[in-house]
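# What the coordinates show
Below are the chains, spelled out letter by letter.
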Amino acid sequence: MSALITRLTAPEVAAAVAELPPMPSSIQEVISACDDQDMTVGQLSQVVLRDQSLTANILKLANSSFYGHARRVTTVTEAVVMLGFSAIKSLAISSHTARLLSGSLPGYGLQQGELWRHSISVAFTARRLAVEVQLAPVEEAFVAGLLLDIGKTILSSYMENAFEEVTRISQERRVPFHEVEAELLGFDHAELGAQIASSWSFPPELEEAIRFHHSPSGATLKPTLAHCVHLADAACMMLGVGLGTDGLMYGIDPASLAVLDITPDRLMRLMDDVGPLVSNDPFGPA
Ligand SMILES: [Fe+2]
């Protein structure tokens, strides 16, 4: 191993996760409000209005071609009714993570905006797939898809010295990129992503789907969610929708197609719906 490659220890990972910008309280309040069974549309709208950029994004989404609404939506209350509480929650999470996912990641050779583009592509695909195979709640698939590579935002600085070697070994041994990443750095980006999700108190099944997004057969809490985001990630990489840098030797787990009872043809047809959403991304950073 190159002397320049630094292996991470568990306490170093925990410290790096703790250093990520905390979720703003205004966003946390929206997430909690969306989960509150007793919350009314009017009350949720008031909570949303406390965050200007979230308010702007919600109106942007409600008026986007994604929803294809004929009439212009001008108030947050109308948008909340139209989008539903779960979509508002996804938007709140997106509005925080968009900033983190939009930066350049030199360790993975990603220019500014490229990780965001891949992440939002996988999120849209995972939600579309969840609708197709009736995997509820579909917004959970969207959020898991959005966050599956967020661990790269931490690992990137360590990968700057390791990327070439990880790539070389992956090609020589014909083993998946993330396995070599874990071998050389001590952790792969999937594990780091799961730890970030845990630090944000996301549900354990969402944390699990991120942890096993390359190897979904390892999931036990909600395997269908892990298989859904795995297929979405693999489909986006294969079709070049968005971009993936850990696509090397990344095969589709055949179990995913069986578990979700979907054929490769049907999966590829879903992708026709995703391309236009990505090119007109209403969730992107303001
Ligand atoms: Fe990944």
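Residues numbered from 1 in each chain as written. Predicted model: local features only at pLDDT ≥ 70, side-chain atom pairs only at ≥ 80, totals over all residues. Heavy atoms only, no water.

### So, the side chain of His213
Tracing the backbone shows His213 in the loop between α13 (204-211) and α14 (223-239). At 3.2 Å, the side chain of His213 and the side chain of Asp149 are in polar contact. Within polar-contact distance, the side chain of His213 engages the side chain of His189 at 3.5 Å. (Helix = DSSP H or I, 4+ residues; strand = E, 2+ residues; numbered from the N terminus. Polar contact = N/O pair within 3.5 Å; in protein donor to acceptor, adjacent residues only side chain to side chain.)

### Section: the packing of helix α7 (residues 114-132) against α14
For the pair α7 and α14, interaxial distance at closest approach is 8 Å and the crossing angle is 125°. With respect to α14, the axis of α7 lies oblique. As α7 packs across α14, the resulting crossing turns out to be right-handed. For the pair formed by α7 and α14, the contact residues are His118, Ser121, Val122, Thr125, Ala126, Leu129 and Ala130 on the first element and Cys228, Val229, Leu231, Ala232, Asp233, Cys236 and Met237 on the second. (Axes fitted to C-alpha atoms, helices over the stretch in contact; angles between N-to-C directions. Parallel < 35°, antiparallel > 145°, perpendicular 65-115°, else oblique. Left-handed = near helix turned anticlockwise from the far one by under 90°. Contact = heavy atoms within 4.5 Å.)

### A look at the nonpolar core
In terms of nonpolar packing, the biggest core is built from 92 residues, with Ile88, Leu129 and Ile262 touching the most fellow members. A total of nine residues in this core trace back to one element, the largest contributor, which is α7. Discounting residues that sit within four places of it in the chain, Leu129 has contacts with Cys228, Leu231, Ala232, Leu260, Ile262, Leu267 and Leu270. (Core = buried A, V, L, I, M, F, W, Y, C linked by side-chain atoms within 4.5 Å. Buried < 20%, exposed > 50% of the residue type's maximum accessible area, 1.4 Å probe, protein only.)

### Concerning the environment of Asp51
Looking at the element boundaries, Asp51 is found in the loop between α3 (41-49) and α4 (52-62). Residue classification places Asp51 among the buried residues on the basis of a relative accessible area of 11%. C-alpha separation for the pair Asp51 and Ser26, spaced 25 residues apart in sequence, amounts to 6.1 Å. Among the polar contacts made by the side chain of Asp51, one reaches the side chain of Ser26 at a distance of 2.8 Å. Side-chain polar atoms of Asp51 contact the backbone nitrogen of Leu54, separated by 2.8 Å.

### What about the packing of aromatic side chains?
For the structure on display, the rule yields three aromatic pairs. Measuring from centroid to centroid gives 6.0 Å for Phe124 and Phe142, while their planes differ by 65°, and the two rings are edge-to-face. Taken together, the positions of Phe124 in helix α7 and Phe142 in helix α8 (residues 138-147) put the pair 18 residues apart, joining distant regions of the chain. The pair formed by Phe124 and Phe142 is uniform in burial state, with each residue classed as buried. (Phe/Tyr/Trp six-rings, centres within 6.5 Å; stacked < 30°, edge-to-face > 60°.)

### Looking at the environment of Leu110
Take Leu110: it is sitting in the loop between α6 (85-102) and α7. Owing to a relative accessible area of 4%, Leu110 belongs among the buried residues under this scheme.

### Considerations on the confidence of the model for the protein
With 91% of its residues at a pLDDT of 70 or more, the protein has an overall mean of 87. Ranking the helices and strands of the protein by mean pLDDT puts α13 first, with 96, and helix α16 (residues 264-279) last, with 80. (pLDDT = per-residue confidence, 0-100.)

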